[in-house]
Amino acid sequence: QVQLVESGGGLVQAGGSLRLSCAASGSIFSINAMGWYRQAPGKQRELVATIRSGGETNYADSVKGRFTISRANAENTVYLQMNSLKPEDTAVYYCNADVKPARYSNYYNYWGQGTQVTVSS
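Residues numbered from 1 in each chain as written. Predicted model: local features only at pLDDT ≥ 70, side-chain atom pairs only at ≥ 80, totals over all residues. Heavy atoms only, no water.

### Remarks on the sheet that holds strand β8 (residues 77–82)
Logical step 1: Pairing within the open sheet is antiparallel, and its 4 strands lie in the order β1-β3-β8-β7. The strands lining the two open edges of the sheet, one partner per strand, are β1 (3–7) and β7 (67–72). Sheet twist, expressed as the mean angle between neighbouring strand axes with direction ignored, is 15°.
Logical step 2: Note that strand β3 (residues 18–25) and β8 share 6 bridges and pair antiparallel. Residue pairing in the sheet places Ser 21 in a bridge with Tyr 79 of β8. (Pairing = 2+ DSSP bridges. Helix = DSSP H or I, 4+ residues; strand = E, 2+ residues; numbered from the N terminus. Axes fitted to C-alpha atoms, helices over the stretch in contact; angles between N-to-C directions.)

### Notes on the packing of aromatic side chains
Where two aromatic rings form a pair, the distance of their centres and the angle of their planes describe that pair.
Logical step 1: Taken as a whole and assessed by the stated rule, the structure comprises 3 aromatic pairs.
Logical step 2: Judged by centre distance (5.0 Å) and plane angle (65°), the ring pair of Tyr 37 and Trp 111 falls under edge-to-face. With Tyr 37 in strand β4 (residues 28–39) and Trp 111 in strand β10 (residues 108–111), the pair connects residues that are 74 residues apart, well separated along the chain.
Logical step 3: Trp 111 sits in the partly exposed class, given a relative accessible area of 38%.
Logical step 4: Site record: aromatic cluster; members linked through ring pairs are Tyr 37, Tyr 94 and Trp 111. (Phe/Tyr/Trp six-rings, centres within 6.5 Å; stacked < 30°, edge-to-face > 60°. Buried < 20%, exposed > 50% of the residue type's maximum accessible area, 1.4 Å probe, protein only.)

This is the structure we're talking about:
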């Protein structure tokens, strides 16, 4: 039915940039908030950034000024532009979205499988 697929992860040197993409596909009626979360080894999964359908954004303090979240609503896609990457940004990054599937009355929360981001020093 509904699936979130991330892309754009990889290995980058400290100070470099990466752009993550997440596309929602399937029988979708509408999507409310979308966002990015990350989980490093031995740590809890944490919020990175979220964006509402109207464009309102929210960022973790650790990424403010370096990361930018955006979305293309017509394509059901959310992006995360990551600049000035630091080794502490190394984690698996997960896409998240609140989706109302076609034929359903409610919104449901979906997760992608994650994409690895590794920042070397």
